[in-house]
Amino acid sequence: MSRHRHIIIPTVLALWTAPAITQAQTREAVQDARALLVAAIDAPDGRAQGILTGDLAQAITQRFRGRSPIHIDVITLKRYAQPGCRRLQVTFWQDGVLLPGNTAPRRQSVAFGINYCRDGQPPRSLS
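Notes on the structure in this doc start here. (Residues numbered from 1 in each chain as written. Predicted model: local features only at pLDDT ≥ 70, side-chain atom pairs only at ≥ 80, totals over all residues. Heavy atoms only, no water.)

### Focus on the overall build of the protein
Turning to step 1, where the next piece is worked out: A tally of regular secondary structure across the protein gives three helices and five strands.
Turning to step 2, where the next piece is worked out: Counting the 127 residues in the protein, one finds 43% classified as buried.
Turning to step 3, where the next piece is worked out: Taking contacts inside the protein between residues at least 6 apart in sequence as the whole, the part at least 24 apart equals 57%.
Turning to step 4, where the next piece is worked out: With an accessible surface of roughly 7300 Å², the protein has 54% of that area assigned to carbon and sulfur atoms. (Helix = DSSP H or I, 4+ residues; strand = E, 2+ residues; numbered from the N terminus. Buried < 20%, exposed > 50% of the residue type's maximum accessible area, 1.4 Å probe, protein only. Contact = heavy atoms within 4.5 Å. Areas by Shrake-Rupley, 256 points an atom, 1.4 Å probe, with all protein chains shown as cover.)

### Thoughts on the state of the cysteines
Turning to step 1, where the next piece is worked out: Considering all chains together, one arrives at one disulfide under this definition.
Turning to step 2, where the next piece is worked out: Disulfide pairing places Cys 85 opposite Cys 117 at an S-S distance of 2.0 Å. With the S-S dihedral at roughly 110°, the linkage between Cys 85 and Cys 117 falls on the right-handed side. Here the residue Cys 85 occupies a position in strand S4 (residues 85-97), and Cys 117 occupies one in strand S5 (residues 106-117), the gap between them amounting to 32 residues. Across this residue pair, the class does not change: Cys 85 and Cys 117 are buried. (Disulfide = S-S within 2.5 Å.)

### Points about the nonpolar core
Turning to step 1, where the next piece is worked out: If you look at the biggest cluster of nonpolar residues, it comprises 23 residues, and the most contacted ones within it are Ile 72, Val 74, Leu 88, Val 90 and Phe 92.
Turning to step 2, where the next piece is worked out: Contributing elements (two or more residues each) for this core: helix H2 (34-42), strand S2 (47-52), helix H3 (54-64), strand S3 (70-79), S4 and S5.
Turning to step 3, where the next piece is worked out: With residues near it in sequence (within four places) discarded, Val 90 still touches Leu 37, Ile 72, Asp 73, Val 74, Val 110, Ala 111, Phe 112 and Ile 114. (Core = buried A, V, L, I, M, F, W, Y, C linked by side-chain atoms within 4.5 Å.)

Okay, here's the thing in structure tokens:
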């Protein structure tokens, strides 16, 4: 299995379809979602939330005519034996998105799971 260090967000965001569940927590502004992955690993409750900012967020919002910031929710699903490594669920969502072929804007989201360690690498073992 190959080791991927980067998350390719633009490709994933184009697949948004399902609404996301959100919580009322303080959202950290981040230009790179990886900061929230590490924050969730370190959080006592295994969660982190943020708002994507910067050039990437601006380009995505303009492309899909989004009407809100791009929200990111990270939840720890499993803790691995290797210190600082977790199975995470990452959800990106934005309100007011108009995808090609749709007549009305709506909330769009994408969620995916990732095995991730604090150092940016995947765990050596999934136990």
